[in-house]
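# Inside the fold
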Amino acid sequence: MDSSLVYEILLRMRHDELFDYCVDITAVHYPKREAQFDIVYILYSFHHNERVRIKTQIKDGEHLRTAVTIWETANWLEREVFDMFGIVFDGHPDLKRILMPDGWKGHPLRKDYPILQQDQEWVKINLGIESGQ
Amino acid sequence: MTDSTRTDYLDLDTKDETFLDATELVLNMGPQHPSTHGVLRVILKLDGEKVLGTECVIGYLHRGVEKIAENRTYAMFNPYVDRMDYVAAVSNGLGYCEAVEKLLSVEAPPRAQYLRVILTELCRIASHQVWLGTHALDIGAITPLFYCFRDREEVLKIFEKYCGARLTTHAFRIGGCIYEAYEGFEQDCKKFCDAFLPKLDEYEELLTTNRIWVERTKGVGILNPEDCIALGVTGPVLRASGVKWDLRKAQPYESYKDFDFEIPTGLHGDTYDRYLVRIEEMRQAVRIIRQAVDGLPQGPIMAKVPKVIKPPVGEVYHSIEAPKGELGYFIVSDASTQPYRIRVRPPSFVNLQALDKMVRGLLVADVVAVIGTLDIVLGEVDR
């Protein structure tokens, strides 16, 4: 669905359709597409015992509105998406890296980030070695 | 040797009001701290000994499992999942194999499903034993640790006999199981069940009515059901708050619908209730193992799966009830031999987020108890 509608739809899912448990928020990178990223929200409802996936596509550099105001659990999940893909969530209370160290360059789960790549400069400054490999 | 008259590090000309009158103190706990169960760093904001707020710093054990997955074939990635929650490796493998099977639209044969259930439930017991031992040790009771590890050894022996590994087992394959139950497997499981229940009573004798234990855990780290759901907390932590929800019953996978078992729940959502819930879960696991061993069907243990696994284009989300909570795998396939994307939804990562809410207003010593009761494994938090 259109990325500008996501917040409204999530809000509806939470309050009208009673999807009260946000299982996961994640992203998939398709570098060849114009809208490079799929953002996937996995929701579960305790009332209906049902799970749904809500997907949207966004371009590189496009922002999304945060879901922290709807589900508190979105806090760390969105931070991880930001850390791994560099997707910015507007209105997030504390959007910073969560698994990678602060100051790391690059977003590892993007497809254009090779598996052996690392932030050489960061490694040199913080670990005092030329290469971690 | 310290020189008590040394004052050059103090600026005596200006009165240091921030230090003397400060009511807030920032204290760093971890990452090298025995009670953080690995490399978890918690920054505590304190007023005296009262916790005003916390911030978790994680990622010290980040190995990029999801990135590795994109560069391995489906079968090659299977052993990696064991290294996430290394205390409950069998459950991780089960979740992954089932997710790929769902993607391939195959189902493991009945005998494999029963074997999987037996091993997963044994694994649940082993995981809860590690939790109980370390949690009690954190609070100051040393004996349960020895009792738990002694009895966990029996589970590990069964794993070792079954698949040759004790910890990171790689017991299951996509499509079923690769190993047939060894000679005497059923007897070993039954023997373990018979011997384990009295041992469980022993643990309870040590702790359940122990005054120190009760005072350190009752009313500590309370989570009400609404907060649990908002924070996405699952597993025994959620059930201790009174929400009767277990994926084995809510959306049965494998052969769990064949077995008769209860979902224990708590009333108050405090550390003591979480303890009782996990103890009862071990009893229920024994019940499941006994039923599964008695009903173990004959037949093949491997479904027809192509040698080279190439699932059709598509995506799948599958989750199981791991000992720590909902463990989910979101797999995107582009019809090649390697997964396009694998996302692991780790229960520990999400549960750890509740720490801040649970410890506000408590003492520093209670933070240790609450980290223990959340039952996190940093290998899974950081992946």
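In case you missed it, the structure is sitting above this.
Residues numbered from 1 in each chain as written. Chains lettered and ligands numbered in written order. Predicted model: local features only at pLDDT ≥ 70, side-chain atom pairs only at ≥ 80, totals over all residues. Heavy atoms only, no water.

### Quick look at the packing of helix H4 (residues 89-104) of chain B against helix H5 (residues 110-139) of chain B
Between two packed helices, what matters for the description is the angle formed by their axes and the separation of those axes. Residue and element names in this part refer to chain B. Filter applied, for reference: Think of each axis as a best-fit line through the C-alpha atoms, taken over the contacting stretch in the case of a helix, with angles from 0 to 180 degrees between the N-to-C directions. Going along the chain from the N terminus, every DSSP run of H or I of four or more residues is numbered as a helix, and every run of E of two or more is numbered as a strand. Note on contacts: a residue pair is in contact if any heavy atoms of the two residues lie within 4.5 Å. Gly falls in the polar group here, along with every residue not listed as nonpolar (Ala, Val, Leu, Ile, Met, Phe, Trp, Tyr, Cys, Pro) or charged (Asp, Glu, Lys, Arg).
Put simply, H4 and H5 touch, their axes get as near as 8 Å, and they point 140 degrees apart. Seen from H4, the contacting residues are Ala89, Val90, Ser91, Leu94, Cys97, Glu98 and Glu101; seen from H5, they are Arg116, Leu119, Thr120 and Cys123. The residue makeup of the contact of H4 with H5, split by class, is six nonpolar, two polar and three charged.

### What to know about the sheet that holds strand E1 (residues 25-29) of chain B
Strand pairs in the sheet, formed through backbone hydrogen bonds, run parallel or antiparallel to each other. All names here are of chain B. Using the following cut-off: Should DSSP find at least two bridges between two strands, the strands are regarded as paired.
If you walk across this open sheet you meet the three strands as E1-E2-E3, and the pairing is antiparallel. Either end of the sheet is taken by a strand with one partner, and the two such strands are E1 and strand E3 (50-57). Neighbour-to-neighbour, the strand axes of the sheet open up by a mean angle of 25 degrees, direction not taken into account.

### Section: the sheet that holds strand E7 (residues 325-333) of chain B
Residues and elements named next belong to chain B. Strand order in the open sheet formed by three strands is E6-E7-E8, and the pairing between neighbours is antiparallel. Each edge of the open sheet carries a strand with a single partner, namely strand E6 (314-322) and strand E8 (341-345). Averaged over neighbouring strand pairs, the angle between their axes works out to 10 degrees when direction is ignored. Looking at chain direction, E6 and E7 are connected through nine bridges and run antiparallel. Along E7, the bridge assignment pairs Val316 with Ile331.

### Quick word on the packing of aromatic side chains
Residues and elements named next belong to chain B. For clarity, the cut-off: Any two rings among Phe, Tyr and Trp, with Trp reduced to its six-membered ring, count as a pair given centres within 6.5 Å; such a pair is stacked if its planes are under 30 degrees apart, edge-to-face if over 60, and tilted if neither. Relative accessibility under 20% of the residue-type maximum defines a buried residue, over 50% an exposed one, and the middle range a partly exposed one, all with a 1.4 Å probe and only protein chains included.
Across all of its chains, the model carries 22 aromatic pairs over all chains by this definition. Between the aromatic rings of Tyr162 and Tyr179, the centroid separation amounts to 5.9 Å while the plane-to-plane angle is 85 degrees, which identifies the pairing as edge-to-face. Placement of the pair is Tyr162 in helix H6 (residues 143-163) and Tyr179 in the loop between strand E5 (176-177) and helix H7 (185-207), with a sequence separation of 17 residues. Since its relative accessible area comes to 5%, Tyr162 is described here as buried. Classification of Tyr179 as partly exposed rests on a relative accessible area of 30%. Centre to centre, the rings of Tyr272 and Tyr275 are 5.9 Å apart; their planes meet at 40 degrees, and the pair counts as tilted. Of this pair, Tyr272 and Tyr275 both sit in helix H12 (residues 271-294), three residues apart, roughly one helical turn. Classification of Tyr275 as buried rests on a relative accessible area of 0%.

Purely geometric numbers; function is a separate question.
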